[in-house]
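# Summary of the model geometry
Below, each chain spelled out in residue letters.
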Amino acid sequence: MLDVSNSFARLISDAARRRIGSNKPMNHLRFVDTSPDKQLEALEAILRADPLVWQALQIAREMALPDWLIVSGAIYNSVWNHLTGREPGYGIKDIDLFYFDDRDLSYEAENAVIRRGDVAFGGHPLPVEIRNQARVHLWYRQKFGRDCPVYSNSREPLKRFASKTHAVGVRLLPDDRLLIEAPFGLADIFAFRVTPNHAMVNRETHEEKGARAKRNWPEVDIVAW
């Protein structure tokens, strides 16, 4: 967890607006050679300056789901948009909101949370997909044709994403600090590099998501499975 000042976030936001209105080429790889701590600081500042992500984090916090995280595309795509001068929300398909609640593994319990989310996020420009990570193993084989382990929290699934680049999750804490979960670090995100994760046999997903990323952000490099 890092405590990055609001003034730093405003500074990055103002700089982004200046770059969008400029014809000068942007150095989208400017954080590649910085330290992991500096990359964490940059990520937090970018998320704080992004109105769509920040609003989504606030709504998720208000829902107060157990062990929740906003994960994957809404996070790393927002970094890519900021660093290339694209508009907030560009190329983001939806907001993935994970939570973990093993007290009731029924579909009905999860669906009740999903309906709550539909109301809570009703005014947000991006659709939201809410999933209880405690019951993923119950439907994973039917959908993907292979087994999934029984998770014990919302962090574990990040380690099994098809691409290491996508394995990032964020929670807005009550004191407005950000908890950032990134089991493989942030280097791939800031390098605009989609790197496969062989924890599960998931080549098809890696290649599909990589191809979509390349269409939206030509700056991205895809590492072959």
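Here the structure is a predicted model, which is why all the values come from computation and not from measurement. Counting of residues starts from 1 at the beginning of each chain's written sequence and follows it residue by residue. Reporting in this predicted model follows two pLDDT cut-offs: at least 70 for local features of residues, and 80 or more for side-chain atom pairs to be given and counted; totals over whole chains, interfaces and linings ignore these cut-offs and use all residues. Excluding hydrogens and water, the side-chain values take into account all heavy atoms of the structure.

Next up on the list: the overall build of the protein chain. In terms of helices and strands, the protein chain carries eight helices and seven strands. Three labels apply to residues, based on accessible area from a 1.4 Å probe with only protein chains included: buried if under 20% of the type maximum, exposed if over 50%, partly exposed otherwise in between. Put simply, the protein chain has 225 residues, and 49% of those count as buried. Nonlocal contacts in the protein chain, meaning residues at least 24 apart in sequence, comprise 75% of its contacts between residues at least 6 apart. Only carbon and sulfur atoms are counted for the fraction: they give 50% of the accessible area of the protein chain, which is about 11,200 Å². The secondary structure listing takes helices from DSSP runs of H or I that are at least 4 residues long and strands from runs of E that are at least 2 residues long, numbered from the N terminus. Residues are treated as being in contact if the distance between any of their heavy atoms lies within 4.5 Å. Note on areas: Shrake-Rupley, 1.4 Å probe, and residue coverage restricted to the protein chains presented here.

Before going further, it helps to spend a moment on the confidence of the model for the protein chain. A score between 0 and 100, pLDDT records how confident the predictor is in each residue. Considering every residue of the protein chain, the mean pLDDT works out to 90; 89% of them sit at 70 or more. Taken as a whole, residues 1-23 scores under 50 in pLDDT and shows 32 contacts with residues more than four places along the chain or in a different chain.

On to the pattern of salt bridges, then. Counted as salt bridges are all cases of a side-chain nitrogen of Lys or Arg within 4 Å of a carboxyl oxygen of Asp or Glu. Tallied over the entire structure, the rule returns 11 salt bridges. Close ionic contact of Asp175 with Arg177 constitutes a salt bridge, the shortest N to O distance being 2.7 Å. Among the ionic pairs, Asp188 bridges to Arg193, the shortest N-O distance being 2.6 Å. Judged by relative accessible area, Asp188 falls into the buried class, the value being 12%.

When DSSP finds two or more bridges between a pair of strands, those strands are recorded as paired. The strand order across the open sheet built from five strands is E3-E2-E1-E4-E5, with neighbouring strands paired in mixed fashion. Here the strands that pair on one side only, and so sit at the sheet edges, are strand E3 (128-132) and strand E5 (178-181). Adjacent strand axes in the sheet meet at a mean angle of 30 degrees when their direction is disregarded. For strand E4 (residues 169-172) and E5, the ladder comprises four bridges, and the chain directions are antiparallel. Following the sheet pairing, Arg171 is matched in E5 by Leu179. What counts as an axis is a line fitted to C-alpha atoms, over the stretch in contact for a helix, and the angles between N-to-C directions run from 0 to 180 degrees. Along the sheet, helix H2 (residues 36-49) contacts E4 and E5; its crossing angle with E5, the most-contacted strand, is approximately 125 degrees. On top of the sheet, helix H3 (residues 51-63) reaches strand E1 (69-71), strand E2 (95-99), E3, E4 and E5; it is set at about 65 degrees to E4, its chief contact.

In this analysis a 1.4 Å probe is tested at points of a 1 Å grid over the protein atoms alone, and where it fits but cannot get out there is a cavity; an open set with protein on both sides within 12 Å along at least five of seven lines is a pocket; lining residues have an atom within 4 Å of a point. Grid points are joined across faces, edges and corners, and a volume is the space filled by probe spheres set on the points. Scanning all chains against the criterion turns up one cavity of 30 Å³ or more. In this structure, the largest cavity spans a volume of roughly 40 Å³. What lines the largest cavity is Leu52, Val53, Ala56, Leu57, Ile70, Ala74, Ser78, Ile92, Ile95 and Leu126. Taken together, the elements giving at least two residues each to the lining of the largest cavity come down to H3 and helix H4 (73-84). Here the element with the most residues in the lining of the largest cavity is H3; it accounts for four residues. Throughout this entry, Asp, Glu, Lys and Arg are counted as charged residues, while Ala, Val, Leu, Ile, Met, Phe, Trp, Tyr, Cys and Pro are counted as nonpolar. The remaining residues, Gly among them, count as polar. The residue inventory of the lining of the largest cavity, partitioned by class, reads nine nonpolar, one polar and no charged.

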